[in-house]
Amino acid sequence: MATRKQNEAILEAERAKIAPPPMFKVCLLNDDFTPMDFVVIVLQKFFGMDREQATRVMLQVHHDGKGVCGVFPRDIAATKVEQVCSFSRQNQHPLACVMEEA
Ligand code: TYC
C-alpha cells in the first residue's frame, strides 16, 4: 500500500509526462479578389488586432501569399477558420483561411 506522499509523487511524475497540447497556426491565403479593407476587418474582428497590425499582416499575405493570424489550440484554431470562412462567404468573398500544426 503506497503512502500519501508516494501517491503524490506518482501523480506529480504523471503530470510532468503529459505533453503540452499541440498548437495550430491559423493562416490567411492571398487571392486576387478579396478587397484589402475586408481582410483588415477580418483580422480585427476575429484575431483582436488593431488597425495597424491588421494592415501589416494583410500586406504580408498580399506580398508573400500566406500569413499567420495567430497560434491556438486545435479547437480554437478550427473555430477561427470556420468563422473566417463563413463570414467571407456571407460577404461574397473567396478569402481562404487554413490551419496547420505549429
Ligand atoms: N490580394 C488582394 C487584393 O489585391 C488582397 C488580399 C490580401 C486578399 C490578403 C487576401 O488574404 C488576403 N485585393
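See the structure shown above.
In this text, all values refer to a predicted model and were calculated from it rather than measured experimentally.

> Help me understand the site of the ligand in this model?
Residues in contact with the ligand amount to 13 residues; listed here are only the nearest, Leu28, Thr34, Val39, Val61 and His62. Every element with two or more residues in the shell around the ligand is listed here: strand S1 (23–29), helix H2 (36–47) and helix H3 (51–64). Among the elements that take part in the shell around the ligand, H3 stands out by supplying 3 residues, more than any other. For the shell around the ligand, the class distribution of residues is 8 nonpolar, 3 polar and 2 charged.

> Sorry if this is basic, but what is going on with H3 here?
A turn of α-helix holds 3.6 residues, and therefore any two residues three or four places apart point the same way. With 14 residues, H3 should reach 20 Å at 1.5 Å per residue; the first-to-last C-alpha distance of 20 Å fits that figure. Those residues of H3 that fall on the buried side of the exposure criterion are Ala54, Val57, Met58 and Val61. An end-on view of H3 places all buried positions within 100° of arc, on one side of the element. Away from its buried face, by an angle of more than 90 degrees, H3 presents the exposed residues Glu52, His63 and Asp64. Where H3 is buried, its residues meet S1, H2 and strand S2 (66–73).

> Before we go on, may I ask you to explain the pairing of S1 in this structure?
Across a regular strand the side chains alternate sides, sitting on one face of the sheet and then on the other. Residues Phe24, Val26 and Leu28 point to one face of S1 and are all buried, whereas Met23, Lys25, Cys27 and Leu29, pointing to the other face, are not buried. Across 7 bridges, the pairing between S1 and S2 is antiparallel. Across the sheet, the residue bridging to Leu29 is Lys66, located in S2. When S1 meets strand S3 (residues 96–101), the two strands line up antiparallel, connected through 6 bridges. Bridge pairing in S3 links Leu28 to Cys97.

Definitions and cut-offs
The written sequence of each chain sets the order in which its residues are numbered from 1. Where local features are concerned, this predicted model is filtered to residues with pLDDT of at least 70; where side-chain atom pairs are given and counted, the filter is 80 or more; whole-chain, interface and lining totals use all residues. Each residue gets a C-beta atom placed from its backbone. If that atom is within 6 Å of a molecule or strand, the residue is near it. Working definition: helices are DSSP H or I runs of at least four residues, strands are E runs of at least two. Numbering for both runs from the N terminus. When residues are grouped by polarity, Ala, Val, Leu, Ile, Met, Phe, Trp, Tyr, Cys and Pro land in nonpolar, Asp, Glu, Lys and Arg in charged, and all others, Gly among them, in polar. By this rule, a helix spans an expected 1.5 Å times one less than how many residues it contains. With C-beta atoms placed from the backbone, the exposure class of a residue follows from how many other C-beta atoms lie within 10 Å of its own: 20 or more, buried; 12 or fewer, exposed; in between, partly exposed. Relevant arc is that of directions from the helix axis to the C-beta atoms, nothing else. We call two residues in contact whenever the C-beta atoms placed from their backbones are within 7 Å. Pairing between strands is defined by DSSP: at least two bridges between them are needed.

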